[in-house]
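Architecture and fold: a report
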Amino acid sequence: QGVEVQTDYVPLLNSLAMYGWQLMCVLPTPIVKTNREGNLSTKQIVFLQRPSLPQKAKKKESKVNNL
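These numbers were taken from a predicted model, which means no experiment stands behind them.

Calculation rules
Residues numbered from 1 in each chain as written. Predicted model: local features only at pLDDT ≥ 70, side-chain atom pairs only at ≥ 80, totals over all residues. Heavy atoms only, no water. Helix = DSSP H or I, 4+ residues; strand = E, 2+ residues; numbered from the N terminus. Buried < 20%, exposed > 50% of the residue type's maximum accessible area, 1.4 Å probe, protein only. Contact = heavy atoms within 4.5 Å. Areas by Shrake-Rupley, 256 points an atom, 1.4 Å probe, with all protein chains shown as cover. Pairing = 2+ DSSP bridges. Patch = residues over 30% accessible without salt bridge, like charges linked within 9 Å, V, L, I, M, F, W, Y side chains within 5 Å. Salt bridge = Lys/Arg side-chain N within 4 Å of Asp/Glu carboxyl O. Polar contact = N/O pair within 3.5 Å; in protein donor to acceptor, adjacent residues only side chain to side chain.

Before going further, it helps to examine the overall build of the protein. Per the secondary structure count, the protein includes one helix and two strands. Going from the N terminus to the C terminus, the protein shows its helices and strands as α-β-β. Within the protein, the proportion of its 67 residues that are buried is 1%. Across the protein, the fraction of contacts at a sequence separation of at least 24, relative to all contacts at a separation of at least 6, is 40%. Carbon and sulfur atoms make up 54% of the accessible area of the protein, which amounts to about 7100 Å² in all.

This is the structure we're talking about:
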C-alpha cells in the first residue's frame with residue numbers, strides 16, 4: 001500500500017537491441033538499499049540473449065609446393 005515501483009529498462013534495451021540482444025528474463029534479488037530520501041532500491045539480474053549468427057565460411061587457400 002502506498003508503494004510505487006519504478007523500472008525503466010527502455011534505454012538499456014534500445015541500446016542493446018541495435019546489436020541483436022533481446023531481453024529474456026529479469027530476476028529480483030534479495031538486495032535492498034535505502035537512499036537518503038528513504039526510497040528503497042533493489043538489484044535485479046537481467047538475462048539477455050541474441051541469436052547466433054552463421055559463421056562466414058573460411059576461404060581455404062591451396063598451397064602450392066614448388067619443387
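With that settled, the discussion passes to the pairing of strand E1 (residues 22-34). Every regular strand shows the same layout, with side chains that alternate between the two sheet faces. Two elements, E1 and strand E2 (residues 40-49), share nine bridges in a ladder whose sense is antiparallel. Paired with Cys 25 across the two strands is Phe 47, which belongs to E2. Turn length for the E1-E2 hairpin, with the two strands adjacent in sequence and antiparallel, is five residues, and the turn residue Gly 38 shows positive phi of about 90°.

So, on to a nonpolar patch on the surface. Nonpolar side chains collect at one region of the surface, where Met 24, Leu 27, Ile 45 and Phe 47 lie side by side and expose about 350 Å² of accessible area between them. By the secondary structure assignment, Phe 47 is in strand E2. Given the relative accessible area of 41%, Phe 47 is considered partly exposed.

Positionally, Ser 15 belongs in helix H1 (residues 10-17). Of note is the side chain of Ser 15, whose polar atom sits 2.8 Å from the backbone oxygen of Leu 12.

Here the focus is the side chain of Thr 29. With respect to the secondary-structure elements, Thr 29 resides in strand E1. Overall, the relative accessible area of 18% leaves Thr 29 in the buried class. Among the polar contacts listed, one links the side chain of Thr 29 to the backbone oxygen of Lys 43, at a separation of 2.6 Å. For Thr 29, the residues in contact, after removing those within four places along its chain, are Lys 43, Gln 44 and Ile 45.

Relative to the assigned elements, Ile 31 resides in strand E1. Placed 12 residues apart in sequence, Ile 31 and Lys 43 show a C-alpha to C-alpha distance of 5.8 Å.

Purely geometric stuff here, so don't read any function into it on its own.
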